[in-house]
Amino acid sequence: MKECLRRHRDLVQSLAVLGLIFSLAAVCSPRDWRTGGPLFLQADNLTNLLRVTTPVAMVALGMTLVILTGGIDLSVGSTLGLAAVVAALALAKWRWGGAAAIATAITVGGLVGLLNGALVALLRVPPFIITLASMIGIRGLARSWCNNENIGLRTAGDAAVRFVDTWSQKPFMIGLFAGLALLVAALLRGTVFGRYVRALGDNPTAAVYAGLPIKRVQLAVYGLTGLLAGLAGVLTAARTNTGNPNDGIAAELDVIAVVVMGGTALTGGRGGIAGTVIGALIVGILANILGLRNVDANSQLMLKAGIIVLAVVLQQRRAAR
Amino acid sequence: MTAPTAPSPPPLLRARNLLKQYDGVRALRGVDIEIRAGEVHALLGENGAGKSTLGKILAGAVPATAGTLEVDGREIRVRHPGDAQRQGIAMIFQELDLFPNLTVAENIALRNPALAEGFRVRRDRLHAFCRPFLERVGLPVDSATRLGDLHLGHQQLVAIARALSRSARLIVFDEATSALTEELVANLFRVIRDLRAAGVACIYVSHKMDEIFRICDRITVLRDGGFVATVDAAATNPDELVRLMIGHEVNTGQRARSHATETAVLEVANLTTTLVRDVSFKLHRGEVLGLAGLVGSGRGEIGRALFGLAPVLGGRLHKGGREVRPRTPRAAMAAGFGLVPRDRRREGLMMGMRVRDNANLAIMGRLSVAGVLRPGREAAAADRMATATRLKAGSPHTAVRTLSGGNQQKTLLGRWLQREPDVLFLDDPTRGVDVGAKEDIYQLIAEQAARGAGIMLVSSELPELLRCCDRILVLNQGRVAGLVDARTATAESLLRQATASGAPGEGSL
Ligand SMILES: Nc1ncnc2c1ncn2[C@@H]1O[C@H](COP(=O)(O)OP(=O)(O)OP(=O)(O)O)[C@@H](O)[C@H]1O
Ligand SMILES: [Mg+2]
C-alpha cells in the first residue's frame, strides 16, 4: 500500500490539488436564490462544465502522447477549426449524411496529424517548427475552404439538425470523452506502443540504440492527435451549430496548459493520461467558477497565467526530488 | 619548559555518522571516515554499497540525512555544490555532469570566477586557461572541440581537468578511470602523485584492485551502506579486501571453457568507415572475440558500423553466409545483431523508466500479443534477468535513475542478453561493475557463447580480454594491427601492437 502510494505520488498530489480546487469552487460559488445551495454544485452546472471542457480535454489526450515522446503539436487548434468547417460544409453545402460528414471531418484531422508526423520523422526539423508552420497553413486552408464565412447548421436540413441534436448532448459528449480517455490510457499503459512512446521521450539517443521504431511512433502520436483534434472540431461545430473557420484559435495553448497542469513534463518521458484528465478538470473548474462569479474574460486570462506558472513550479519541485 | 609534543593536526576532512535515506533505500547507515591531507584514500565496496552517495554528500550534490562533516577540525555545512567548492572539495562524478553541447574549454571553465568579468566571459583567456590542465591529464584534443564529440574516456579526462582547474584540496574520483586505457590511467596516476606531494587529498573510488594498490595509501571498505574497516594499503591484499567487501571469497582469474566452433557466424571483409579502414575478420559461433586498442583506435566503431550507427563506406558483411548491410539499429537487430553501448547513460538507459521496462525494451515483441503487453510475461522476464545478473534494485518498478552505477550497467546488459542475438557486441560491459559481479558477467558472456552466439568484447582492461576471449583483434589507429590467440598473448604484447606507430604489424598474427 505504501509502496503503491509512493509510486503514484505525483498522481495523488494532483488529485489533492483537484479536490482542493473543487472545494474552493464550491465555497466561492454564488448561491442559488431559492435553495441557498452553491450554484457550482448543481448537476446542471457540473455537467455543463464537463461538456465545455470536452473538446480541449480530448485533444489533450493525444497531446499527452506527443509531449511524452518529447514533441509538441501547435497545429491542433487549426486542425480543430478545419474539421469543424469540413463537417459543416459536408452537411450544409454538400448535403451529405451525418455519418459521412463526421467521418470525413475526423479523417481530415487525422491526415493533418499524419502529415505533421511524417514531416517530424523524416525532416528531423524540431516538431515545434513543423507544427508551427502547419498551425498557420491549416488555418489558412480552413478559411479558404469556407470563404471566411461561418456555415450555419440549424437551417441546413434534416441530417444537419439531427447531427447537432445528437452530438451536442451532454451525456454523449461526456461518455465519448470518458471512453477515449480510458482507451488512450490503456494504450499508454498496456501496449508496446505505449512503452515506446515513453522510452523515446525519456532518451531519444538510447531509443535509436535500442532499435525502437521511432518514425512509426512519431507518425502514430501525431496522427492520433490529429484524429482527436478532428473529433473535437466536430463536437465544437455541433455545440455551436456552426462551422466557424476561426474555431480553436489559441486552443493549442489551452491543450498544452492542460497537459502540463496534469504533471506531464515538456521534456518528455514523464507523465500520463490520468494526470491530463485531472488537469482538464482543474482548468474546467477554474473557468467555470470564474464565469459563475462574473469575472471578466481578461482577468480570467491573467489568473490562468498565474495558475499555469504555479503548476509548473510545483512540477519542477517534484522532478528535482 | 619543553613544549608538549604538538597534537597531531586535525585531518583534512572528517565525516561522522553520515546517514543517507533515499525514498525507500538507506544508502548510508552511519559511516565515519577520515581523510588526511596528502593521502590517496580508496573507497571500496560492492555495487550499491554507498560509495557514490558518500562522495556526493561531500561534494554537496545530495544532502546527508544526518551526520556531521568537519574540515580542518571545524564543522562545515555543505548544502549544495557551491558550498563544497568553497571548501575546496571537487568531485568527478561516476555519471559525468558535463554539458555535451559546450566545448571542452567551456566545460572546464564554466563557473570559474577567474574567467568572468561581470557577466562577460573572457573568451580570449578561455583556451589559454584550459591548456595546462588538458596537458596535465594528457587529453590530446583541441579545447574548442564540442564535448559531445569526444569518447567517454576523453570526457572523463575533461571532468578531471575541470576538477584540477578548481584548485581543490580534496578531489573525489568516482570511477573516473572506468573508461580510460592503461596509458591514460598511468598518466593520471602521475598527476595524482603530484597532487599528493602538494598536499591535496584524493578519494579514489574504483572496482579495479590493481589500480587501488598502485595509487592508494589507505582503503575504506563499505558494505550495504555501512562502514566495515579502514586499512593501510601496505598492510592488506586483494583477497582480504574482497572478503571485507563481500563477506566471502570470490574465485577470480579462471578462464572460462571455450565454446568456439569452426562455423563462422560473421565475416567482415575490408570494413571501412570514417574511423576504421580495411578491417577484416571472422567471428565464429560460440567464440568470444576481443577487440583491443587505445581510445580512438576504432574498437567501438566496428560495433557501431555493424549495428547501423556509423555509415559504412566500404567493405562487406556476411552473416551466416548471407550478405547483410544494416543501415539502422532496427535492421541490424532484425538481422540478428545486438549491441551493448559504452555510454550507458546517454546511449543505453531510459533513466526515468522502470528497471523492468528498461530490461525488457528489446524483447517487447515476445512479451506481447498483437501489441498488447502481458504483465505476467513482463514480470517473469524481468525477474529472470534480475536473477541472472544478480541485480540489486529495490523492486522492478524502481526507476533506473535511482540504481547504483553497477546495477544500471547490469540492467542494460540484461536488456541485450534477454534478446539472445546471434552476434553480440559488448562495448565495455563491466565498466563500473564490482569484483563479484564481474565474475557474474563473465559467466553470462560464457553462457551466451555456449548457446552459440558470436561475441565481440571491447574492454579497456586487458586482463579481462585475456581472460574471457578466444582470440583478440588488436586495432591501431583504425587498422587491424594483429589477431592473436588469447591463451598465448600477454598484456605487454597486446599493448605493444596497439601502440606501435607506423605501418600496422603485418604478419604479427
Ligand atoms: N536518487 C536515488 N533514489 C533512491 N535510491 C538511490 C538513489 N541514488 C542511489 N540510491 C540507492 O542508494 C544505494 C547506494 O548507491 P550508490 O550509488 O552510492 O552505490 P555505489 O556504491 O556507488 O555503487 P556502484 O559501485 O554501483 O557505483 C543503492 O542501493 C542505490 O540504489
Ligand atoms: Mg557509484
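Structure shown above.
Residues numbered from 1 in each chain as written. Chains lettered and ligands numbered in written order. Predicted model: local features only at pLDDT ≥ 70, side-chain atom pairs only at ≥ 80, totals over all residues. Heavy atoms only, no water.

Visitor: Got a minute to help me understand empty space enclosed by the protein in this structure?
Guide: Gaps left between atoms show up when a probe the size of a water molecule is rolled over them. Residue and element names in this part refer to chain B. For the coordinates displayed, the defined rule picks out four cavities of 30 Å³ or more. By volume, the largest cavity amounts to about 110 Å³. Lining the largest cavity we find 15 residues, and of these Thr181, Gly293, Ser460, Leu462 and Leu495 sit closest to its centre. Elements represented by at least two residues in the lining of the largest cavity include exactly helix 6 (182-197), helix 16 (462-468) and helix 17 (491-499). For the lining of the largest cavity, the element with the most residues is helix 17, which contributes three residues. Among the residues making up the lining of the largest cavity, the classes are represented as eight nonpolar, four polar and three charged. (1 Å grid on protein atoms, 1.4 Å probe; cavity = no way out; pocket = protein on both sides within 12 Å on 5 of 7 lines; lining within 4 Å. Points joined across faces, edges and corners; volume = space filled by probe spheres on them. Helix = DSSP H or I, 4+ residues; strand = E, 2+ residues; numbered from the N terminus. Nonpolar A, V, L, I, M, F, W, Y, C, P; charged D, E, K, R; others polar.)

Visitor: Got a minute to help me understand the packing of aromatic side chains in this structure?
Guide: Working definition: an aromatic ring pair is given by the centre-to-centre distance plus the angle between the planes. A full pass over the atoms with the stated rule returns eight aromatic pairs over all chains. An angle of 55 degrees between the planes, with centres 4.9 Å apart, marks the rings of Trp167(A) and Phe172(A) as tilted. Residue classification places Phe172(A) among the partly exposed positions, given a relative accessible area of 29%. In this structure, Arg34(A) packs its charged tip against the face of Trp33(A), placed 5.5 Å from the ring centre. The ring of Tyr22(B) is capped by Lys20(B), whose NZ or CZ atom sits 5.0 Å from the centre of that ring. (Phe/Tyr/Trp six-rings, centres within 6.5 Å; stacked < 30°, edge-to-face > 60°. Buried < 20%, exposed > 50% of the residue type's maximum accessible area, 1.4 Å probe, protein only. Lys NZ or Arg CZ within 6 Å of the ring centre and 35° of its normal.)

Visitor: Which parts of the structure should I look at to understand the pattern of salt bridges?
Guide: Where charged atoms of side chains with opposite charge meet at close range, the side chains can pair. Inspection of the entire model under this criterion finds 28 salt bridges over all chains. For Arg316(B), the salt bridge is made with Glu323(B), and the minimal N-O distance between the two is 2.7 Å. On the basis of relative accessibility, which here comes to 40%, the residue Glu323(B) falls in the partly exposed class. Through salt bridges with shared partners, a single ionic network connects Arg195(A), Arg354(B), Asp357(B) and Glu378(B). (Salt bridge = Lys/Arg side-chain N within 4 Å of Asp/Glu carboxyl O.)

Visitor: I would appreciate a short explanation of the sheet that holds strand 16 (residues 314-319) of chain B in the present structure.
Guide: Strands pair in a sheet through their backbones, by hydrogen bonds, and they do so in one of two ways: parallel or antiparallel. Residues and elements named next belong to chain B. Reading across from one edge, 14-13-16-17 is the order of the four strands in this open sheet, with antiparallel pairing throughout. Two strands in the sheet have a free side with no partner beyond their single neighbour: strand 14 (279-284) and strand 17 (322-324). Recorded for the sheet is a direction-independent mean angle of 20 degrees between the axes of neighbouring strands. Here strand 13 (residues 264-272) runs beside strand 14; their pairing, made up of five bridges, is antiparallel. (Pairing = 2+ DSSP bridges. Axes fitted to C-alpha atoms, helices over the stretch in contact; angles between N-to-C directions.)

Visitor: Explain the interface of chain A and chain B to me, please; I cannot follow it from the model alone.
Guide: Frequently, the measure chosen for interface size is the accessible area removed from exposure when the parts meet. Facing the 24 residues of chain A at the interface are 33 residues of chain B. Buried surface at the junction of chain A and chain B, both sides included, amounts to about 2200 Å², of which 57% is carbon and sulfur. For the interface between chain A and chain B, the tally reads two salt bridges. One salt bridge connects Arg195(A) with Glu378(B), and the closest N-O pair in it is separated by 2.6 Å. If you look at where chain A meets chain B, you find 12 residue pairs in polar contact (both at pLDDT 80 or more). (Contact = heavy atoms within 4.5 Å. Buried area = accessible area lost by both parts, 1.4 Å probe. Polar contact = N/O pair within 3.5 Å; in protein donor to acceptor, adjacent residues only side chain to side chain.)

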